[in-house]
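# Descriptive structure summary
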Amino acid sequence: LALIVGAVWTAVQSGHQRYAVQQVTALPEVQEYLVLVEEGGRSTPGVRVAARPTRDEPGYLVQVYEIFTDHTTTFNWYRVDVATGEVMRVDLLAE
């Protein structure tokens, strides 16, 4: 799991983005998912900031996903409020 998180850190540039990725990666459901993907050995897991805060959406949008040879599959989307540390699961289809 340290390798997975290490790869994520290199792709993240700002302290707030790192914090958002760290908050999401620490969630038990995400930890379990990352371990399952790693154990499966058929894909590469990832956690990334997909969108920065805007006036309408104040938190960072974070994607948890896995990359296969021919496609990418999203596990979940999360919004992280860096001011409060709150992490909310997001249903992008409902928004």
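Residues numbered from 1 in each chain as written. Predicted model: local features only at pLDDT ≥ 70, side-chain atom pairs only at ≥ 80, totals over all residues. Heavy atoms only, no water.

## Observations concerning helix H3 (residues 28-40)
So the rule is basically this: Secondary structure counts use DSSP, requiring at least four H or I residues in a row for a helix and at least two E residues in a row for a strand, with both numbered from the N terminus. Take the residue count of a helix, subtract one, and multiply by 1.5 Å to get its expected span. Accessibility here uses a 1.4 Å probe with only protein chains present; expressed as a share of the type maximum, an area under 20% marks a residue as buried, one over 50% as exposed, and anything in between as partly exposed. Within this analysis, the arc is defined by the directions that extend from the helix axis to the C-beta atoms.
End to end, H3 covers 18 Å across 13 residues, agreeing with the expected 18 Å (1.5 Å per residue, within 8%). Every buried residue belonging to H3 is among Val-30, Tyr-33, Leu-34 and Val-37, and all of these are buried. The arc that holds every buried residue of H3, seen down its axis, measures 100°, which confines them to one face. Seen from the buried face of H3, the exposed residues on the opposite side, beyond 90 degrees, are Pro-28, Glu-32, Leu-36 and Glu-39.

## Examining the sheet that holds strand S1 (residues 44-51)
Quick reminder of the rule: Between any two strands, pairing holds if DSSP finds at least two bridges. A fitted line through C-alpha atoms serves as each axis, taken over the contacting stretch for helices, and the angle formed by two N-to-C directions is quoted from 0 to 180°. In what follows, residue pairs with any heavy atoms lying within 4.5 Å of each other are defined as contacts.
In space, the four strands of this open sheet follow the order S1-S2-S3-S4, with antiparallel pairing throughout. In this open sheet, the two strands that pair with only one neighbour each are S1 and strand S4 (87-90). The mean inter-strand angle of the sheet, taken between neighbouring strand axes irrespective of direction, is 30°. Looking at chain direction, strand S2 (residues 60-67) and strand S3 (residues 72-80) are connected through eight bridges and run antiparallel. Paired with Tyr-60 across the two strands is Val-80, which belongs to S3. With respect to the sheet, H3 is in contact with S1, S2, S3 and S4, its orientation differing from that of S3 by roughly 160°.

## Some details on helix H2 (residues 15-25)
Taken as a whole, H2 has its buried residues at Gln-17, Ala-20, Val-21, Val-24 and Thr-25. Down the axis of H2, the smallest arc covering the buried residues is 130°, so these residues share one side.

## A short note on the nonpolar core
Put simply, the rule reads: Here the nonpolar core consists of buried residues drawn from Ala, Val, Leu, Ile, Met, Phe, Trp, Tyr and Cys, with membership extended through side-chain atoms lying within 4.5 Å.
Formed by 14 residues in total, the largest nonpolar core has its most connected members in Val-24, Val-30, Val-47, Val-62 and Val-64. Among the elements that take part in this core, H3 stands out by supplying four residues, more than any other. Those residues in contact with Val-62, other than ones at most four positions away along the chain, are Ala-20, Val-24, Val-47, Arg-48, Val-49, Ala-50, Asn-76, Trp-77, Tyr-78 and Val-80.

## A short note on the pattern of salt bridges
Selection rule: Salt-bridge detection follows one rule: a side-chain nitrogen of Lys or Arg within 4 Å of a carboxyl oxygen of Asp or Glu.
One pass over the full model with this rule turns up two salt bridges. Of the charged contacts, one joins Arg-89 and Glu-29 as a salt bridge, the two residues approaching to 2.9 Å between their closest N and O atoms. Here Glu-29 lies in helix H3 and Arg-89 lies in strand S4, a separation of 60 residues in the sequence. On the basis of relative accessible area, Arg-89 is assigned to the exposed category, the value being 55%. Among the residues examined, Glu-29 registers a relative accessible area of 31% and is labelled partly exposed. Note that Glu-57 is salt-bridged to Arg-79, the shortest N-O span being 3.2 Å. In this pair, Glu-57 sits in the loop between S1 and S2 while Arg-79 sits in strand S3, placing the two residues 22 residues apart along the sequence.

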